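One letter stands for each residue in the lines below.
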There are 2 protein chains.
Amino acid sequence: MHSSIDFYFDFSSPYAYCASTRIDALGAEFGREVRWRPILLGPVFKQMGVAPLVEVPIKGRYALHDFARTAALFDIPYSHPERFPVATIGAARAMLWIDAQHGPAKAREFAHIVFRAYFAEGGDISQPEAVLAAARGAGLDSDAVAQGMQQEDIKAALKSGIEAATARGVFGAPFIFVDDEPFWGFDRFDYIRKWLRRQAAQAATAAREKTY
Amino acid sequence: MHSSIDFYFDFSSPYAYCASTRIDALGAEFGREVRWRPILLGPVFKQMGVAPLVEVPIKGRYALHDFARTAALFDIPYSHPERFPVATIGAARAMLWIDAQHGPAKAREFAHIVFRAYFAEGGDISQPEAVLAAARGAGLDSDAVAQGMQQEDIKAALKSGIEAATARGVFGAPFIFVDDEPFWGFDRFDYIRKWLRRQAAQAATAAREKTY
């Protein structure tokens, strides 16, 4: 039994959105579960003293071009949001409550709907109504979700989740840990594959050496 | 006849070093020449108001890990330099002079030796002696190179080359233009492949439509 893969993301990150469409398939290739962990990049960037990518001169313009091109090259529907980036604290809290109440599969279903709403359907997921519409789309009672995302324990869980992420070295999104190996970016998916294959090859060699 | 690919790099960039080992093969896959264009990241970062990658809190530590891991995953010899990053103005000027005097093939041979000296053999390429040793390794007269890299026209060529690069949108290394499409990073090589294949497919479709 292999350990799981941790997938950290902010709902407002285009590269995290791209990653969200591929991460479970990547995990499945290697027989690993993926744990989806919503975080907020705002507090992370603040701690690091860096600006959001699109606000960096020159690089920001390239990033806007690269978001849409990356999605296109991987056949992922993408329409750059009118408001970008936006606050995703509501969506992140809702996901944590859904996970706690209905389990990770339902939380993931909700997450896919939120990402799609923001990056493919022109929705503004900083608005509570958009978050609740996503919840309804996942077959959930939106009144229960509206109440759940206001719970103190859920608020605290998001806060401590972000603290744990930064303590682990997360500084952007998507950020993926395979065992304790950190990978930053959708552009590291092939590196993760190479890395996991090497680990498997090394384990096989070690097992053979033990036998002789 | 396809147009060429422009490959911008700083001799002090680990990802540019990785790219330097693969860029010509990438060009050859699509029948394109690669133009190697040495630049200096120092003035580029200064203009953008950003710090070198390894100086950014948290992210810098990850980058150090990712440099060596990336090289290992692609079977590129790598030993992180004791002094990093270093000034590469001498190496860049020498390359421009070699290119002007002996042509791009010789300049490229020199560039490979410089990259290898810095990232695989423990050399300090900020030192003139290391630059001249690389020139000798490429079969060049090091006295001529030493004199050439001090020429005013060569100094001016590097300066204007960097200005042209930033005007074109270069903000890091490696930075690659395929026609006018910009790609930043060794991790974009597969994206370049995808992009070029799509261009070829679109051109083929357009040609078919013209025929009917």
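Keep in mind that this is a model prediction, so the values were computed, not measured.

Colleague: Looking at this structure, how should I read the relation of the copies chain B and chain A?
Modeller: Each of the two chain copies can be generated from the other by rotation about an axis followed by a shift along it. Mapping chain B onto chain A is achieved by rotating through 180 degrees and translating by 0.0 Å along the same axis, at an RMSD of 0.0 Å. As the rotation angle and translation indicate, the two copies are arranged about a two-fold axis. Proximity to the rotation axis, assessed at the C-alpha, singles out Asp187 of chain B in chain B; its C-alpha lies 3.1 Å from the axis. In this assembly the copies share their binding face: 100% of the residues contributing to the interface of chain B also contribute to that of chain A.

Colleague: Can you help me understand the side chain of Arg193 of chain A in this one?
Modeller: Assignment of secondary structure puts Arg193 of chain A in helix H10 (residues 189–211). Contact partners of Arg193 of chain A, with chain neighbours within four places excluded, come to Leu26, Glu29 and Phe30 of chain A.

Colleague: In this structure, what is going on with the nonpolar core? I would like to understand it.
Modeller: Counting residues in each nonpolar core, the largest one holds 146 residues, and the members touching the most others are Phe110 of chain A together with Phe110 of chain B. Not counting the four nearest positions on each side in its chain, Phe110 of chain B is found in contact with Ala91, Ala94, Met95, Ile98, Val131, Ala134, Ala135 and Ala138 of chain B.

Colleague: Help me out: how do you make sense of the sheet that holds strand E2 (residues 34–38) of chain A in this one?
Modeller: Picture the strands of a sheet paired through backbone hydrogen bonds; they go either parallel or antiparallel. Strands sit in the order E2-E1-E3-E4 (chain A) across an open sheet of 4 strands; the sheet is mixed. Whereas interior strands pair on both sides, the edge strands pair on one side only; in this sheet they are E2 and strand E4 (181–184) of chain A. For this sheet, the mean angle separating the axes of adjacent strands, direction not counted, is 20 degrees. With 5 bridges joining them, strand E1 (residues 5–9) of chain A and E2 of chain A adopt parallel strand pairing. Directly across from Tyr8 of chain A, in E2 of chain A, lies its bridge partner Arg37 of chain A. Lying over the sheet, helix H4 (residues 59–73) of chain B contacts strand E3 (175–178) and E4 of chain A, oriented at roughly 100 degrees with respect to E4 of chain A.

Colleague: What should I look at first to understand unusual backbone geometry in this one?
Modeller: Note: most residues except glycine have negative phi, and most peptide bonds are trans. Residue and element names in this part refer to chain A. Cis geometry is adopted by the peptide bond preceding Pro174, which originates at Ala173 and carries an omega value of -5 degrees. For Asp75, which is not glycine, the phi torsion reads 55 degrees and is therefore positive. With respect to the helices and strands, Asp75 occurs in the loop between helix H4 (59–73) and helix H5 (89–102).

Colleague: I tried to follow the sheet that holds strand E3 (residues 175–178) of chain B on my own but got confused; where do I start?
Modeller: Residue and element names in this part refer to chain B. One open sheet accounts for 4 strands, arranged E2-E1-E3-E4; its pairing is mixed. The outermost strands of the open sheet, each flanked by one partner alone, are strand E2 (34–38) and strand E4 (181–184). On average, each strand axis in the sheet is inclined to that of its neighbour by 20 degrees, with strand direction left out of account. Packing of helix H10 (residues 189–211) onto the sheet brings it into contact with E3 and E4, and relative to E3 it is tilted by some 5 degrees.

Colleague: Hey, could you run me through the environment of Val86 of chain B in this one?
Modeller: Residues and elements named next belong to chain B. On the secondary structure map, Val86 appears in the loop between H4 and helix H5 (89–102). Sequence spacing of Val86 and Leu132 is 46 residues, and the spatial spacing of their C-alpha atoms is 16 Å. If sequence neighbours within four positions are ignored, Val86 has contacts with Ser12, Tyr118, Asp124, Ile125 and Ser126.

Criteria and thresholds
- Residues numbered from 1 in each chain as written.
- Chains lettered and ligands numbered in written order.
- Predicted model: local features only at pLDDT ≥ 70, side-chain atom pairs only at ≥ 80, totals over all residues.
- Heavy atoms only, no water.
- Least-squares fit on C-alpha atoms with pLDDT ≥ 70 in both.
- Contact = heavy atoms within 4.5 Å.
- Helix = DSSP H or I, 4+ residues; strand = E, 2+ residues; numbered from the N terminus.
- Core = buried A, V, L, I, M, F, W, Y, C linked by side-chain atoms within 4.5 Å.
- Buried < 20%, exposed > 50% of the residue type's maximum accessible area, 1.4 Å probe, protein only.
- Pairing = 2+ DSSP bridges.
- Axes fitted to C-alpha atoms, helices over the stretch in contact; angles between N-to-C directions.

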